[in-house]
Amino acid sequence: MDVQKTTINALRILSAEAIEKANSGHPGIAMGCAPIAYTLFQNFLNCNPLDLKWNNRDRFVLSAGHGSALYYALMHLYGYGITTEDLKNFRQLGSKTPGHPEYGHTPGVETTTGPLGQGIANAVGMAMAEAHLAATYNRPGYPVVDHYTYAICGDGCLEEGISYEACSFAGANALGKLILLYDDNDITIEGDTDVTFKENVGARFAAQNWQVLHVDLATSPDDVVALSDAIAKAKERTDKPSIIICRTRIGYGSPLEGSEKSHGAPLGAENLKKSKEKLGWKEEEPFACPKEVYEHCALAANAGAEKEMLWKKMFAEYEYTYPELAQQYKDAMAGKKPDFAAMEDLYSFDKPMATRGTSSVVLNKIAAKLPTLFGGSADLAPSNQSVMKDTENVKYGTFSPENYAGRNVHFGIREHAMAAICNGLQLHGGVQAYCATFFVFTDYCKPALRLAALMGLPVAYIFTHDSIGVGEDGPTHEPVEQLIALRSIPGMKVYRPADGKETAAAWISALTGNQPTALVLSRQNLPQYEGSGKEALKGGYILEDCEGKPDVLLIGTGSEVELCVKAKEVLAAKDVQARVISMPCIEEFEKQSEDYKESVLPAAIKARVCVEAGSPYSWYKYAGDKGEIVAMNTFGASAPAKQLFEKFGFTVDNVVEKAIASIENNQ
């Protein structure tokens, strides 16, 4: 038996059988890409299947996540805990083998993939984290952080714009331990890629400062030697990332070989039978596999276990020689955070400031206590005020090929890739990722934000210039629908603080939770409130109350809280009692007990006014059928901010008028 060839064919057949049983899936990539995946897992991937969280393991990302059947077949053969039963339950409810790889669901999956191109950007983030941690913790003779990041992508990934953004960033930063294996089969769902995708991919990557290598698997389908030589060359070149362009045949070995018909549907029983015959597959029972294949794959698993053992021995010596540094590394990888409750100075503000400014103050205070904080902006750092500023005691520096230890990142004008790269940073471990851009550009970031929420990644996003307060830049730069868009994402926290203390609470919430957080911040100065503070961690609270039972509840976020506070004063002069409720984070407020929510928003008080310079759709629940909402129902305009707030009804007089109207509606 040629065990190498049999193992490659096992990957093909197990994948096709899982898809056939599920009557759903993508056999084409699994059958064409099997030799690439085999060569990587058998000969190169440093991973111990018995310890899938080993810090110094190589990271593997299947960016072409529709090839999940191949991934699960690999995990089955190489001892990652995927059983034959798991393969049989491919794409079934509650199985460990869902339709696309899911982080946190299937052991060993490094990131959730499927939306094409996202995985490439995640891999860039992982390679970036490796470079940063290596520069921070490694010492001569002690390569504590020393691993590669591999990603498999297809034509679809490279057609997506995010791949260009991410690969451009990787090349500019010379991330030499990133290796991209491109399954180049020239086929997508609609047919030959020649109808829409004609560029010279190798020239494109060379122009982005990548090493470009080629392997022809179309004429030599199982050429493991050529693949191994190419991966070895890629590993040798550490001054730039590498792409290995692998010419393949989609659906190799099946009657549908080379056809788009093999892309996204089962082969069919007859075609599967013919595929087995052509590939010389001898096993008659579905999902059966020769014991020699398992024994062959176990050699790679054993090699991974031995490499981890050697690493642990080296780390013990490192820990003895550099005890403080070793402890810092362990704390970083464990995600240890400072005691934010003891950092009372986070809540100290004494003058009006834009919340982008208060965020900068809080960010820098936290950065001095949290050495893993790592991030930057999409070319807007001065406006986002997202820079960690050097002090006499701490030098943060800028991440670059000359200084991978730097903690400030210039992501360039690449919002989508920036957000997805931060997902990869967070997934790798050892860093607490954050990034920044204008709030209106969350539209560019949205797919990556959604995946962060799906994976439960505590990435912090600084989104400034949060409303029509942007002013003269006009409606293209004035967010309207973005708040409701982010609030609609399950698992996403959206904080829109009203002052410095609420901003501090937002940052603490972002860094202590297990979900992503958007910090939505103002461009214009806002007052500081005596009654604000740690209560903002509850998402909503009483900022200013009245004597006795309120006649009306005034609910606001961000800059519009000021209107509510001033309206309360005007209403008091009219003998109308108002309670001001600041609601910086609806998601956190909804987590509170029913008793707490009732104490803040008594159900018996129907007269309510909700005020926010964004879409009204967040507020119907809180306004109820007798309340009023002051919000944006159109796009903004180009004018000074003060004029815009007046034009669109964000005035004290209008809030007062709406409050009185709501009271009258309840009489």
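Everything below is about the structure printed above this text.
Residues numbered from 1 in each chain as written. Predicted model: local features only at pLDDT ≥ 70, side-chain atom pairs only at ≥ 80, totals over all residues. Heavy atoms only, no water.

A. Looking closely at the pairing of strand β17 (residues 608-611). Because side chains alternate across β17, one face comprises the buried residues R608 and C610, and the other comprises V609 and V611, equally buried. In the sheet, strand β15 (residues 552-556) pairs with β17 via four bridges, with the strands oriented parallel. In the strand pairing of β17, L553 is matched with R608. Alignment of β17 against strand β18 (residues 628-630), held across three bridges, turns out to be parallel. Bridge pairing in β18 places V609 opposite E628. (Buried < 20%, exposed > 50% of the residue type's maximum accessible area, 1.4 Å probe, protein only. Helix = DSSP H or I, 4+ residues; strand = E, 2+ residues; numbered from the N terminus. Pairing = 2+ DSSP bridges.)

B. Focus on the environment of V609. Its place among the elements puts V609 in strand β17. With 46 residues separating them in the primary sequence, V609 and V655 have C-alpha atoms 7.3 Å apart. Not counting residues within four places of it along the chain, the set of residues in contact with V609 comprises V552, L553, L554, I555, E628, V630, V655, K658 and A659. (Contact = heavy atoms within 4.5 Å.)

C. Structural detail: the packing of aromatic side chains. Taken as a whole and judged by the stated rule, the model has 29 aromatic pairs. When the ring of Y434 is compared with that of W507, the centres are 6.3 Å apart and the planes differ by 80 degrees; the resulting orientation is edge-to-face. Of this pair, Y434 sits in strand β10 (residues 432-438) while W507 sits in helix α18 (residues 500-512), and the two are 73 residues apart along the sequence. Each member of the pair, Y434 as well as W507, is classed as buried. Following the ring pairs from residue to residue traces out a cluster consisting of W54, Y137, Y142, W311, F315, Y318, Y322 and Y329. (Phe/Tyr/Trp six-rings, centres within 6.5 Å; stacked < 30°, edge-to-face > 60°.)

D. Just the packing of helix α1 (residues 3-22) against helix α11 (residues 291-321), in detail. Look at α1 against α11: their axes get within 9 Å of each other, and the N-to-C directions meet at 100 degrees. Regarding the angle of α1 to α11, the classification is roughly perpendicular. Where α1 approaches α11, its residues V3, Q4, T6, T7 and A10 are matched on the opposing element by E292, V293, H296 and C297. Residue classes in the contact of α1 with α11 are distributed as four nonpolar, four polar and one charged. (Axes fitted to C-alpha atoms, helices over the stretch in contact; angles between N-to-C directions. Parallel < 35°, antiparallel > 145°, perpendicular 65-115°, else oblique. Nonpolar A, V, L, I, M, F, W, Y, C, P; charged D, E, K, R; others polar.)

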